[in-house]
Amino acid sequence: MGHGHSELPSIDQVRDRAGDALARCGVTLRSSLQEGSDSVALLTVRTPINGAVVAEIPAASAGDVQAAVAAAAEAFIDWRVTPAPARGEVVRRFGENLREHKNDLAELVTLEAGKIESEARGEVQEMIDVCDFAVGLSRQLYGLTMASERPGHRLMETWHPLGVTAVITAFNFPVAVWAWNTAIALVCGNPVVWKPSEQTPLTALACDSLLKKAFAETRTDPRLHSVLPGGRAVGEALIDDTRTALVSATGSVRMGREVAPRVAARFGKTLLELGGNNGAIVAPTADIDLAVRGIVFAAAGTAGQRCTTLRRLIVHESIADEVTERVAKAYSTLRIGNPFSSGVLVGPLIGGTSYDAMKAALQQAQSSGGELLCGGERHYAEEAPDAYYVSPALVRMPGQEPIVHEETFAPILYVMTYTEFDEAIALHNAVPQGLASAVFTNDVREAETFLSAAGSDCGITNVNIGTSGAEIGGAFGGEKHTGGGRESGSDAWKAYMRRATNTINYSRELPLAQGVEFG
Ligand code: NAD
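Residues numbered from 1 in each chain as written. Predicted model: local features only at pLDDT ≥ 70, side-chain atom pairs only at ≥ 80, totals over all residues. Heavy atoms only, no water.

Peer 1: How would you summarise the pattern of salt bridges if you had to cite specific residues and measurements?
Peer 2: This structure, assessed with the given rule, holds 29 salt bridges. The salt bridge partner of Glu107 is Arg17, with a shortest N-O separation of 2.7 Å. Of this pair, Glu107 sits in helix 4 (residues 102-113) while Arg17 sits in helix 1 (residues 11-24); the two residues are 90 residues apart in sequence, bridging distant segments of the chain. With relative accessibility at 16%, the residue Glu107 sits in the buried group. Overall, the relative accessible area of 33% leaves Arg17 in the partly exposed class. Note that Glu258 is salt-bridged to Arg232, the shortest N-O span being 2.9 Å. Of this pair, Glu258 sits in helix 9 (residues 253-265) while Arg232 sits in helix 8 (residues 232-240), and the two are 26 residues apart along the sequence. Given a relative accessible area of 29%, Glu258 falls into the partly exposed group. Three or more residues joined by partner-sharing salt bridges are found here, namely Glu89, Arg92, Arg93, Glu96, Lys213 and Glu217. (Salt bridge = Lys/Arg side-chain N within 4 Å of Asp/Glu carboxyl O. Helix = DSSP H or I, 4+ residues; strand = E, 2+ residues; numbered from the N terminus. Buried < 20%, exposed > 50% of the residue type's maximum accessible area, 1.4 Å probe, protein only.)

Peer 1: Give me the lowdown on the sheet that holds strand 23 (residues 497-505), citing residues and values where you can.
Peer 2: Reading across the sheet, the three strands line up as 3-4-23 and stay open at both edges, with antiparallel pairing between neighbours. One side of each edge strand has no neighbouring strand; the edge strands of this open sheet are strand 3 (145-146) and strand 23. Bridging between strand 4 (residues 153-161) and strand 23 involves nine bridges; their strand directions are antiparallel. Its bridge partner being in strand 23, Arg154 is matched across the sheet by Ile504. (Pairing = 2+ DSSP bridges.)

Peer 1: Could you give an account of the environment of Gly63, naming the residues involved and the relevant values?
Peer 2: Relative to the assigned elements, Gly63 resides in helix 2 (residues 62-79). Spatially, the C-alpha atom of Gly63 lies 50 Å from that of Asn464, the residues being 401 residues apart in sequence.

Peer 1: I'd like to hear about empty space enclosed by the protein, residue by residue, with values.
Peer 2: For the structure shown, the criterion picks out one cavity of 30 Å³ or more. Here the largest cavity is characterised by a volume of approximately 50 Å³. Residues belonging to the lining of the largest cavity are distributed by class as follows: four nonpolar, five polar and one charged. (1 Å grid on protein atoms, 1.4 Å probe; cavity = no way out; pocket = protein on both sides within 12 Å on 5 of 7 lines; lining within 4 Å. Points joined across faces, edges and corners; volume = space filled by probe spheres on them. Nonpolar A, V, L, I, M, F, W, Y, C, P; charged D, E, K, R; others polar.)

Peer 1: Go over the site of the ligand with me, naming the residues and quoting the values.
Peer 2: Close to the ligand lie 29 residues, the nearest being Lys195, Glu198, Ser252, Glu258 and Glu407. Of all the elements in the fold, those that place two or more residues in the shell around the ligand are helix 8 and helix 9. Broken down by element, the shell around the ligand gets its largest block of residues, four residues, from helix 9. A breakdown of the residues in the shell around the ligand according to their chemical character gives 11 nonpolar, 10 polar and eight charged. (Near = heavy atom within 4 Å.)

Peer 1: Lay out unusual backbone geometry with the relevant residues and their values.
Peer 2: With a phi angle near 55 degrees, Asn464 is a residue other than glycine that sits in the positive phi range. Inspection of the secondary structure assignment puts Asn464 in the loop between strand 19 (460-463) and strand 20 (475-476). With a relative accessible area of 28%, Asn464 lands in the partly exposed category.

Peer 1: Outline helix 1, listing residues and values.
Peer 2: Since the α-helix turns once every 3.6 residues, residues separated by three or four places project in the same direction. In this model, helix 1 (14 residues) spans 20 Å end to end at C-alpha, consistent with the 20 Å of a helix rising 1.5 Å per residue. When we look at burial in helix 1, the residues that qualify are Val14, Ala18, Ala21 and Leu22. Buried positions in helix 1, seen along its axis, are confined to an arc of 100 degrees and lie on one side of it. Every exposed residue of helix 1 that faces more than 90 degrees away from the buried side is listed here: Asp12 and Asp16. In the core, the buried residues of helix 1 are packed alongside strand 2 (53-58), helix 4 and helix 7 (201-217). Two residues or fewer after helix 1 comes Gly26, characterised by a positive phi angle close to 90 degrees. (Expected span 1.5 Å × (residues − 1). Arc of directions from axis to C-beta. Contact = heavy atoms within 4.5 Å.)

Peer 1: So what's going on with the side chain of Asp241? Residues and values would help.
Peer 2: On the secondary structure map, Asp241 appears in the loop between helix 8 and strand 8 (244-250). Judged by its relative accessible area of 9%, Asp241 falls in the buried class. Other than its neighbours up to four places away in sequence, Asp241 contacts Gln66, Val69 and Arg266.

Peer 1: Describe the UniProt feature "domain: Aldehyde dehydrogenase" (unreviewed entry) in the protein, with residues and values.
Peer 2: According to UniProt, the "domain: Aldehyde dehydrogenase" (unreviewed entry) feature falls on residues 43-499. In residues 43-499, helix accounts for 39% and strand for 21%; the two terminal C-alpha atoms are 40 Å from one another. (UniProt positions renumbered as here; feature names shortened; annotations may be inferred.)

As structure tokens, this is what we get:
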């Protein structure tokens, strides 16, 4: 395995880097205490790079949650009637601040989430892209005009802001997912209250600071955004607040199962982006070079910690050995280690819980007939006992063992084989999650079948490209246990607005619909 030793940064180096990057984004940790907060709980922030404690920051209290939602609700009164293109101007400014601080934010993403530098910069680029998209959208919040059945009448629909939008995010996309929600929520006319992952609160403070800077530069009400660092209890207080009209929550299926019924019980709206268990089919006509590159990036990139990570490979029996050997060979060349080092492609897992889950899944796979072909070893354990670096694992599975149906948030790729294409689709769709999917084929019938109603049941369905790395222009999200939400591009903005159907009578009569006569 291509990991080199003694290249992890020291604890002091990591703390200095975090402090410097935060300062450049306008955050001093002392100032991160909300004014007037009665918080007593502290949130310990660790970096997965060497397991060191980077900072301790105050967690939001129940009172902070109430105050943030109340402030947002007040700011909504004027923001909802601010012309949408003027709201877009604020997001445009924010996008410029992101451009200016791209490297600072990326550095914090690497420090807190352990992403390699190139992926961390890509994540910030995604924020910039969605700001550009939202600015354009601010002039395109279109409604339809429909033909009325009554003479002298017009039917149309108008879209209005929903109200306070609560955004809850996961550790693995600590900034991009918030930006997808916030850029679009703001142009749609909604204030945002953000509960970031308890593992990545520093990036959240930096984002809030850059957004507040854009607010100041455009004389916009700062109450339109708040960040509430903390864990599950803070999230629960936020989703239970009846003044939050929309809860957009990203995380595990377990979290979605708790959030959805609570918000539904008070008739609030939810937008859920939950776990995936993404599969790719490799057909006999596939371009194997291209497929192997797509597979390795999707399965091992971000150390297997993307919602769209490739977890299941379904390969035609005639090419299964060749594809598996080539993926294993590519895995053996991946450099694992300090995500700040150039040439490193696989950084650390977020923490020990993920490592334990990976070990347990590999154990279960092997005891149910799976064969571990490579990977699973831990690195740097001696020099950094609280950091968890692992080699991506490749496991040949006989078929649909229960572990294959679970999302283990670590780099494990299960390989299965098929004979007929229909069987491959059935294998592919047999899991409860429905996020991202791919087929590698040069057979147009297979490609089109995969994209058809009889094909993949996922929200993201690709041909000759891996499962991860979506662009912001399309609607992002998945079906089944992934939660059904759509964010980012296309018409995903509609989830942040409410629709009113308007009937206008410009005649001197009062005809009733459906020919009803009354008096
Ligand atoms: P997680 O579910 O542990 O936590 C996600 C967020 O939810 C955190 O901010 C957490 O504090 C909060 N939370 C947890 N329980 C809550 C509750 N009962 N009420 C309110 N808030 C609560 O997930 P994680 O470990 O941070 O992230 C990994 C998971 O996220 C994976 O399953 C991954 O697939 C998923 N994910 C999905 C997408 C997507 O777009 N579909 C994107 C990124 C991550």
